[in-house]
Amino acid sequence: MNTLDQFSQSWLAWITSATWQLALLVCIVASIGWLVRSASPRLRYGLWLLVLVKVFLSPTLTTPLSIGNWAIGPIAESAKQYTEAVGSRGRSSPNQPIVTSHGVAGVAPHSPTNPERSVAPLSTVLFVIWASGCVLFWGIVGWRYMRLLRLTRDAPSIDEGPARIALERIALQLNIRRVPELITTTTVTSPFLFGVVHPRIVLPDGLTQKLSEDDSASVLTHELVHWKRRDTWIGWLQVLAQSLFWFHPFVWLANGQLRHERECACDETVLRLGEITPATYGESIVRVLTTAKARSLVGGSLVGVFERGAKLQNRLEDIMNYAKDRRRFGWISRAGILVAALLLLPMAPRVAQWTEVADAEEPQRRTAQENKTDRAPKTPYPVIVATIPEQGATGVSYGLKEITVEFDRDMGGGMSWTGGGPAFPTVDKRRQARWTNPRTCVLPVKLEKGKFYRVGINSTSFQNFRSQDGTPTPSSAIFFTTVGASPSIERRVRLPKIVEIEPENGATDVDPGTKALRVTFNTPMGEGMSWTGGGENFPDIPDDKRPRWSRDGRTCTLSVSLKPDHEYRLG
């Protein structure tokens, strides 16, 4: 897997989580906004700003107070844990030996896997589509902005006259030290403000002559309030957010609503100054709209008196019904936005509480497993029937608190969790490894994100996992990766598959003159090997014949000496 495939998988995890979280947040904010529709526009604007902030936050962010912890997490994790628990206890260990009749024995062959296709993974295809959309989006934004710069590049600046005097006076009243440049041009039809480093207020040529002194003051005050509020900065953040989620209809909706509430908040600020009455201000907006012939260049990072798709009727209703004492934006409103941010922004589901679910399901799981295993033929030794996590699992929650192994019979009470090094998980010393019932043993652990883990069950030296009659279970291991593991780490849990055994597993009437057993895998193997078993059912191995691998590393050969009319079994 190349670097692009690895990166695209990480991207897909991010974009998937962020997409559903943004959709849910937009729905919640829209509902709250409707409930407080009669409150100050600054309150509604602050709530919609939370959606913009959410775009740039990690979708893994969570806190004890957040909605992801106490609402989304319990629902999502309960469903996930139940599904994985049910799936895992329906599968037996892949390392169980098979008892055969007369002849040679072996291990159960796995079905050969299909060869990997030489096509790009779905995550890579989706990433390329997303990246292409981003490039196209920024291409359109860049083209429009360069066009605007060309239209205004040679526009004359208004450095004197009534309009300039009014601009300086209003800027002084608003305590604005850096006054934007005032320019006029014949290429635009409505006034607007643009620029974050070199701000400019652009007026259509002759607009100040067509408008009254009060109307001109309304227009200039509106644009200066935008500059004081740093709305052009917010506009560029909206463009950036939209480029990342160009495919997301909820982000488009949120950006549109944010622009509308920004204009309403700006209107309210103009009226709070007290020098322009609501009637005069509302009439000024209508006259500007009429002069511009209802057309506007404003969009994206630009801010103006009115914007494309603006809800002008709603704005005019807010303006004409403005009452300074009725719609205050005080500490209660600010506290409400803060509480909403603490509750809604960290939306990642909480860490899974696996132990609670496991304990709650234990009686049902025990009954179901006993019903299943009691009907199955038993081996002379204990067999693992289920593990949590499942052997070879990927994407395991690093909130998993216990590793669980379940056997097909009652055990003696001892245990040998084996292993070491970085692949062995940190044991939670605050809790003890224990048997939750005679067949199920758990090991308390502390897992980390993006890691490979391997926990052994018995070994050649430690074999305390024994049945009640003292028979140890064959050595095996639980191996898995946690959420966030790279593709190279996840490859470590892919089990080699046995594709052929010679003689065939379970064969009868095998020629006693057979001198070798052969096992072929679907992938080149390492140099080690473990032919396991013992007693009279294990074949004799000539002292001068060592097990060996084929040149391609796929076939291992074990020299044997067989007896006629004898049953053999080995792992």
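Residues numbered from 1 in each chain as written. Predicted model: local features only at pLDDT ≥ 70, side-chain atom pairs only at ≥ 80, totals over all residues. Heavy atoms only, no water.

Asks: I would appreciate a short explanation of the environment of Ala516 in the present structure.
Replies: Residue placement: Ala516 occurs in strand E15 (residues 516–521). Note: C-alpha distance between Ala516 and Leu558 (42 residues apart in sequence) is 5.4 Å. Beyond its immediate stretch of four places on either side in the chain, Ala516 contacts Glu502, Pro503, Thr557, Leu558, Ser559 and Val560. (Helix = DSSP H or I, 4+ residues; strand = E, 2+ residues; numbered from the N terminus. Contact = heavy atoms within 4.5 Å.)

Asks: Explanation requested: the packing of aromatic side chains in the structure shown.
Replies: Each aromatic ring pair is characterised by the separation of its centres together with the angle its planes make. One pass over the structure, following the stated rule, counts 19 aromatic pairs. Between Phe245 and Phe247, the ring centres sit 6.0 Å apart and the planes meet at 50°, which makes this aromatic pair tilted. Judged by its relative accessible area of 0%, Phe245 falls in the buried class. One cation-aromatic arrangement involves Arg229 over Tyr45; the distance from NZ or CZ to the ring centre is 5.0 Å. Positioned over the ring face of Trp227 is Arg230, at 4.9 Å from the centre of the ring. (Phe/Tyr/Trp six-rings, centres within 6.5 Å; stacked < 30°, edge-to-face > 60°. Buried < 20%, exposed > 50% of the residue type's maximum accessible area, 1.4 Å probe, protein only. Lys NZ or Arg CZ within 6 Å of the ring centre and 35° of its normal.)

Asks: So what exactly am I meant to see when it comes to the pairing of strand E12 (residues 452–457) here?
Replies: Where a strand is regular, its side chains alternate between the two sheet faces. Of all 6 residues in E12, 5 are buried; the element is thus mostly enclosed. Looking at chain direction, strand E8 (residues 417–418) and E12 are connected through 2 bridges and run antiparallel. Bridging from a neighbouring strand, Trp417 pairs with Ile457 of E12. Of the pairings in the sheet, the one linking E12 to strand E13 (residues 476–482) comprises 6 bridges and is antiparallel in character. By the bridge assignment, Arg454 is partnered in E13 with Phe479. (Pairing = 2+ DSSP bridges.)

Asks: Help me understand a positive patch on the surface in this model?
Replies: Together, Arg144, Arg147, Arg150 and Arg153 make up a positively charged patch on the protein surface. Along the chain, the position of Arg147 falls in helix H4 (residues 122–153). (Patch = residues over 30% accessible without salt bridge, like charges linked within 9 Å, V, L, I, M, F, W, Y side chains within 5 Å. Areas by Shrake-Rupley, 256 points an atom, 1.4 Å probe, with all protein chains shown as cover. Salt bridge = Lys/Arg side-chain N within 4 Å of Asp/Glu carboxyl O. Lys, Arg positive; Asp, Glu negative; His and termini not counted. Charge placed at Lys NZ, Arg CZ, Asp CG, Glu CD.)

Asks: Is there a simple way to explain the sheet that holds E13 in this structure?
Replies: Whenever strands of a sheet pair, they do so through backbone hydrogen bonds, lying parallel or antiparallel. Taken in spatial order, the 4 strands of this open sheet run E6-E13-E12-E8, and their pairing is mixed. What marks the edges here is a single partner per strand, and that holds for strand E6 (393–396) and E8.

Asks: Teacher, can you tell me more about the nonpolar core here?
Replies: Soluble globular proteins: nonpolar side chains tend toward being buried together. Core analysis: the largest hydrophobic core is formed by 31 residues, its most contacted members being Leu25, Trp48, Val51 and Phe245. Residue assignment for this core shows that the elements contributing at least two residues are helix H1 (3–35), helix H2 (41–55), helix H3 (67–89), H4, helix H8 (231–244), helix H9 (249–272) and helix H12 (331–344). Tallying contributions element by element places H1 first for this core, with 8 residues. Discounting residues that sit within four places of it in the chain, Leu25 has contacts with Leu50, Val51, Lys54, Leu344, Leu345 and Met347. Within the second largest apolar cluster, 30 residues are counted, among which are Leu182, Ala217, Cys266 and Leu271. (Core = buried A, V, L, I, M, F, W, Y, C linked by side-chain atoms within 4.5 Å.)

Asks: Whenever I open this one, the pattern of salt bridges confuses me. Can you help?
Replies: On inspection of all chains with the given rule, the structure shows 15 salt bridges. Ionic pairing is found between Arg434 and Glu402, a salt bridge with its closest N-O pair at 2.8 Å. Here Glu402 lies in strand E7 (residues 402–407) and Arg434 lies in strand E10 (residues 434–437), a separation of 32 residues in the sequence. Look at Arg434 and you get partly exposed, because its relative accessible area is 29%.

Asks: Mind showing me how you'd approach the packing of H9 against helix H11 (residues 312–320) here?
Replies: Axis angle and axis distance: for two packed helices, these are the angle between their axes and the distance between the axes, and together they describe the pair. Running from amino to carboxyl end, H9 crosses H11 at an angle of 25°, the nearest separation of the two axes being 10 Å. In terms of their interaxial angle, H9 and H11 are classed as roughly parallel. The two elements H9 and H11 meet at a crossing, and its hand is right-handed. Where H9 approaches H11, its residues His260, Glu263, Cys264, Asp267 and Leu271 are matched on the opposing element by Asn314, Arg315, Asp318 and Ile319. (Axes fitted to C-alpha atoms, helices over the stretch in contact; angles between N-to-C directions. Parallel < 35°, antiparallel > 145°, perpendicular 65-115°, else oblique. Left-handed = near helix turned anticlockwise from the far one by under 90°.)

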